[in-house]
Amino acid sequence: MQFKFTLAVIAGILASYTPQVIAAEGDVLTATRVFHTIIRESPFLVDRTTTVVWTQGKTVTEASEPTAIPDTVGPADGISVE
């Protein structure tokens, strides 16, 4: 019993390990996200993907001042309250 538990823990640790990507400034990186989507026709559950491409920039940036939050929100802001 303990052997199965130990094997499961080791498998979980190895499965959760993802190598860190270190990119230099100016490198072009691509990430693809796959997610399940339900549709109205057969096979009803399909995989959809989203691809994001970006260029690596400086990793350290100066902090900007936070933007002010409006004190009131109401119909004048395009939000109707019913």
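Because the structure is predicted, anything quoted here is derived from the model rather than measured. For every chain, the first residue of its written sequence is number 1, and the numbers climb from 1 along that sequence. Two thresholds apply to this predicted model, a pLDDT of at least 70 for residue-level local features and 80 or more for giving and counting side-chain atom pairs, whereas whole-chain, interface and lining totals are computed over all residues. Excluding hydrogens and water, the side-chain figures rest on all heavy atoms present in the structure.

## Considerations on the overall build of the protein
Logical step 1: The way it works is that DSSP assigns letters per residue, a run of H or I at least four long becomes a helix, a run of E at least two long becomes a strand, and they are numbered from the N terminus. Helices and strands together make up the secondary structure of the protein, namely 1 helix and 2 strands.
Logical step 2: When the helices and strands of the protein are read in sequence order from the N terminus, they spell out α-β-β.
Logical step 3: Residue burial in the protein is summarised as follows: out of 82 residues, 5% are buried.
Logical step 4: Contacts are residue-level and defined by heavy atoms, with any inter-residue pair within 4.5 Å sufficient. Counting contacts in the protein only where the partners sit at least 6 residues apart, residues at least 24 apart contribute 33% of the total.
Logical step 5: The Shrake-Rupley method, run with a 1.4 Å probe sphere, supplies the accessible areas, and residue values consider only the shown protein chains as cover. Counting every atom, the protein has about 8,200 Å² of accessible surface; 60% of that belongs to carbon and sulfur. Relative accessibility thresholds used throughout: buried, under 20% of the residue-type maximum; exposed, over 50%; partly exposed, between the two (1.4 Å probe, protein chains only).

## Some thoughts on the pairing of strand β1 (residues 28-38)
Regular strands place their side chains on alternate faces of the sheet.
Logical step 1: Two strands form a pair only when DSSP identifies at least two bridges running between them. Note: β1 against strand β2 (residues 45-55), 11 bridges, orientation antiparallel. By the bridge assignment for β2, F35 is matched with R48.
Logical step 2: Remark: 6 residues form the turn of the hairpin made by β1 and β2, two consecutive strands paired antiparallel; F44 in that turn has positive phi of roughly 70 degrees.

## What about a nonpolar patch on the surface?
Logical step 1: Within this analysis, patches are made of residues with over 30% relative accessible area and no salt bridge. Like charges are joined at 9 Å or less; nonpolar side chains (Val, Leu, Ile, Met, Phe, Trp, Tyr) at 5 Å or less. Salt bridges are defined as contacts in which a side-chain nitrogen from Lys or Arg sits within 4 Å of a carboxyl oxygen from Asp or Glu. On the surface, F5, V9 and I13 cluster together to form a nonpolar patch covering roughly 310 Å² of accessible area.
Logical step 2: Here I13 is to be found in helix α1 (residues 2-16).

## Topic: the confidence of the model for the protein
Logical step 1: Scored between 0 and 100, pLDDT is the confidence that the predictor attaches to each residue. On average, residues of the protein score 75 in pLDDT, and 61% of them reach the 70 mark or higher.
Logical step 2: No element of the protein has a lower mean pLDDT than α1, at 77, and none a higher one than β2, at 90.

## Quick look at unusual backbone geometry
Across residues other than glycine, the phi torsion is negative in most instances, and most of the peptide bonds are trans.
Logical step 1: That bond from S42 to P43 is cis: its omega, 20 degrees, falls within 30 degrees of zero.
Logical step 2: By the element assignment, P43 lies in the loop between β1 and β2.
Logical step 3: We note that F44 has phi near 70 degrees; this positive angle belongs to a residue other than glycine.
Logical step 4: By relative accessible area, F44 is classed as partly exposed at 46%.

## Comments concerning the environment of T37
Logical step 1: Tracing the backbone through its elements, the reader meets T37 in strand β1.
Logical step 2: Taking the C-alpha atoms as reference points, T37 and R48, 11 residues apart in sequence, are found 6.6 Å from one another.
Logical step 3: Once residues lying within four places of it in the same chain are set aside, the contact partners of T37 are F44, L45, V46 and R48.

## Some points on the environment of I22
Logical step 1: Here I22 is to be found in the loop between α1 and β1.
Logical step 2: Judged by relative accessible area, which is 75%, I22 ranks as exposed.
Logical step 3: Separated by 34 residues in the primary sequence, I22 and Q56 place their C-alpha atoms 9.9 Å from one another.

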